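Remarks on the overall topology
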Amino acid sequence: METIRFDELELNPKILRGIKDMGFEEATPIQAQGIPAVLSGRDVIGQAQTGTGKTAAFGIPVLESVDASSHKTQVIILSPTRELAIQVADEIRKLAKYMHGVKVLPVYGGQDISRQIAGLRGVQIIVGTPGRVMDHMRRRTIKLDLVNMVVLDEADEMLNMGFREDMELILGQIPGEHQTALFSATMPKPILEITDRF
């Protein structure tokens, strides 16, 4: 497959500046295939190992879809661990460096929930572990009415950690029309069942 440069993908110039600052020029295979697929607005299933650049494969289209002038939650990204949630949020922030008004927040267990609730104001992109996202949904501190995209990152890891029920509950509670993207290194049967349902 021939290599594709980021500047060939018709991206927002502000995002391209962020990509350039991070030192990226050529897209990895998951990025070259994933970015246009996610940008198209269709549901996407991506099989990708850790370290193949998949965060940018969904992070770039996520940023393309966000309305910075609206201070409501528009994207929820589910991550298996606190470390990964922080890492994904950091990378998306770097990509969004030149996009004024775009806020990204990682939410995870073990962190004071009242501080998290205060931090959630005006955040368009939430990256969180399933348990903590569920917690906020119960408290109505994460509002789902304007969420138009959900990303499951490392879905097989979330499954291994016992988050299947939380994942399904979260996916089942998003009210409006929305796009779902799932990334997983392996595709075990329960993941395929989730992809069939959602």
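This report concerns the structure included in the present document.

What counts and what doesn't
- Residues numbered from 1 in each chain as written.
- Predicted model: local features only at pLDDT ≥ 70, side-chain atom pairs only at ≥ 80, totals over all residues.
- Heavy atoms only, no water.
- Pairing = 2+ DSSP bridges.
- Helix = DSSP H or I, 4+ residues; strand = E, 2+ residues; numbered from the N terminus.
- Axes fitted to C-alpha atoms, helices over the stretch in contact; angles between N-to-C directions.
- Contact = heavy atoms within 4.5 Å.
- Core = buried A, V, L, I, M, F, W, Y, C linked by side-chain atoms within 4.5 Å.
- Buried < 20%, exposed > 50% of the residue type's maximum accessible area, 1.4 Å probe, protein only.
- Salt bridge = Lys/Arg side-chain N within 4 Å of Asp/Glu carboxyl O.

The strand order β1-β6-β5-β2-β4-β3 describes an open sheet built from six strands, whose pairing is parallel. Either end of the sheet is taken by a strand with one partner, and the two such strands are β1 (44–47) and β3 (104–107). Across the sheet, the axes of successive neighbouring strands diverge by a mean angle of 15°, strand direction being ignored. Relative to strand β6 (residues 179–184), β1 is paired through four bridges, and the arrangement is parallel. Looking across to β6, one finds that Gly 46 is bridged to Phe 183.

Moving on: the side chain of Gln 116. Along the chain, the position of Gln 116 falls in helix α5 (residues 113–119). Each residue touching Gln 116, except ones within four places of it in the same chain, is listed here: Leu 105, Val 107, Tyr 108, Gln 111, Arg 132 and His 136.

This part is about the nonpolar core. Generally speaking, soluble globular proteins have nonpolar side chains that are buried together. Ile 60, Leu 63, Ile 77 and Ile 125 are the most contacted members of the largest nonpolar core, which totals 38 residues. If you list the elements that add at least two residues to this core, you get α1 (13–21), α2 (29–39), α3 (54–65), β2 (75–78), α4 (82–95), β4 (125–128), β5 (149–152) and β6. With residues near it in sequence (within four places) discarded, Leu 63 still touches Ile 15, Ile 92, Leu 95, Ala 96, Met 99, Val 102 and Ile 125. One finds Ile 142, Leu 144, Leu 152 and Leu 171 within the second-largest nonpolar core, a separate group that totals 26 residues.

The subject of this paragraph is helix α6 (residues 130–139). Burial in α6 covers these residues: Pro 130, Arg 132, Val 133, Met 134, His 136 and Met 137. Following α6 by one or two positions, Arg 140 adopts a phi angle in the positive range, close to 60°.

The subject of this paragraph is the pattern of salt bridges. In this structure the tally under the stated criterion is 12 salt bridges. A salt bridge links Asp 153 to Lys 54; the shortest N-O distance between them is 2.9 Å. Of this pair, Asp 153 sits in the loop between β5 and α7 (155–160) while Lys 54 sits in helix α3, and the two are 99 residues apart along the sequence. Lys 54 carries the same exposure label as Asp 153, and that label is buried. Taking the shortest distance from any N to any O, the salt bridge between Arg 93 and Asp 90 comes out at 3.4 Å. Taken together, the residues Arg 93 and Asp 90, both in helix α4 and three residues apart, mark about one turn of the helix.

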